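Secondary and tertiary structure notes
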Amino acid sequence: MEHNLINLMSPIVGLGINVLVQVSGFRFLASLPLLKSLFLGCGVGLIGVTLMESYLHLLGQPSGNFIALFWTNGVIYMALSYCYFHFINMGETARRIRILRELNDSDNGLTMDEILKRYNANDMIRMRMDRLLNNGQVYEKEGRYYIGNPLMLWISKGMVAMKRFMLGKGSEFD
Amino acid sequence: MKIFLLGTSCFLLAFIIQWLIWKIRLPKRQAKTLLQIFFATGIVFLCALGFLSANGGGDLMPKTVSEYLHISLLFLVLTLSYLNTYPGLEADSPSLVIVMTIHKAGDQGLPVNEFYQILNDDLLVKPRIRDLLTDHMAVLKEGRYCLTPKGKLMAQLFGFYRSLLGASKGG
């Protein structure tokens, strides 16, 4: 079977299934946290892509083509899912988006002081420190913070190394 | 496999060009420049494929319109994935700053009160407000930050999706 437009559709349909399952799962399953709903959506979408690719194979695609197309469409689907994950994650954690939303909620804009009253470093750090303390990445002993589980430290060091490779500096403040 | 090879080759080529440009000079509006580099590379790459295909080219060249679209789709999603990852390199994430600050304090740890003095609004919030001005999502009018139509669109898009999920403001 010659390559045609149907070969492009499976990752896009897969993304549609992913979004539908993730949104409905998070909204209607009270016990499902956001991260798990993203994994659930991604997994179900991947099953959808596999089924569509298998169906196309049954319609008469040569087996060499099947493996190559399945691999290519699998990569496209995972990249689309990664973009969706980032979109959700930006809404959840990005400071720029939070400030944008605070400005959008005000009629005449906000001064710097008004922005900082609504959203400031103390609130932000407290939320993140709670997460880091709860999962043992950081611990507190006698009024001092220490690194606990080194996983987050390794990730941070990896990010700093990537920043050095790409930007020639380890931090935006260097 | 040619679609995968050509799509990823185009992406890698764009990445190398961007990396070389970044080594010469870091642009002020990095995300915008990155987008321009990747899309210019993509267009030139597809035109080159078309030219080579029309002049013989061999088995590796795409033959049909749908193959060109498939290569473009692969290149596009790889570019979007990279564009999504890039802000994490450009700006320091608060969790990264927290962990590296505690790590730098060494074996004696970091006093909790000192920690909150180091990680302040100047370090974590004000640079992101400046980013909104640089990216033309907000303007400063008589001491007040106001959204531009582009900023409003972004705020409403995320606001709509957060309400669809039934989630809080985030941040």
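What counts and how
Residues numbered from 1 in each chain as written. Chains lettered and ligands numbered in written order. Predicted model: local features only at pLDDT ≥ 70, side-chain atom pairs only at ≥ 80, totals over all residues. Heavy atoms only, no water. Contact = heavy atoms within 4.5 Å. Buried area = accessible area lost by both parts, 1.4 Å probe. Salt bridge = Lys/Arg side-chain N within 4 Å of Asp/Glu carboxyl O. Polar contact = N/O pair within 3.5 Å; in protein donor to acceptor, adjacent residues only side chain to side chain. Helix = DSSP H or I, 4+ residues; strand = E, 2+ residues; numbered from the N terminus. Buried < 20%, exposed > 50% of the residue type's maximum accessible area, 1.4 Å probe, protein only.

Moving on to the interface of chain B and chain A. On the chain A side, the residues contacting the 86 residues of chain B number 87 residues. Buried surface at the junction of chain B and chain A, summed over both partners, amounts to about 8,000 Å²; 68% is from carbon and sulfur atoms. Where chain B touches chain A, the interface holds 5 salt bridges. Asp-92 of chain B is paired through a salt bridge with Lys-163 of chain A; the nearest N and O atoms lie 2.6 Å apart. If you look at where chain B meets chain A, you find 27 residue pairs in polar contact (both at pLDDT 80 or more). Ranked by residues supplied to the side of chain B that touches chain A, first place goes to helix α3 (residues 65–90) of chain B with 18 residues.

Turning next to unusual backbone geometry. Even without glycine at this site, Glu-142 of chain A takes up a positive phi of about 50 degrees. Counting through the fold element by element, Glu-142 of chain A comes out in the loop between β1 (138–141) and β2 (144–147). On the basis of relative accessible area, Glu-142 of chain A is assigned to the exposed category, the value being 76%. You will see that His-136 of chain B, though not glycine, has its phi angle at about 55 degrees, which is positive.

Following the sequence through the fold, Arg-128 of chain B ends up in helix α7 (residues 126–134). Judged by relative accessible area, which is 4%, Arg-128 of chain B ranks as buried. A distance of 2.8 Å separates the side chain of Arg-128 of chain B from the side chain of Asp-131 of chain B, its partner in a polar contact. Residue contacts for Arg-128 of chain B: discarding those within four places in its chain leaves Arg-95, Arg-96, Ile-99 and Glu-172 of chain A together with Ala-91 and Asp-92 of chain B.

Read these as layout, nothing more, since geometry by itself doesn't imply function.
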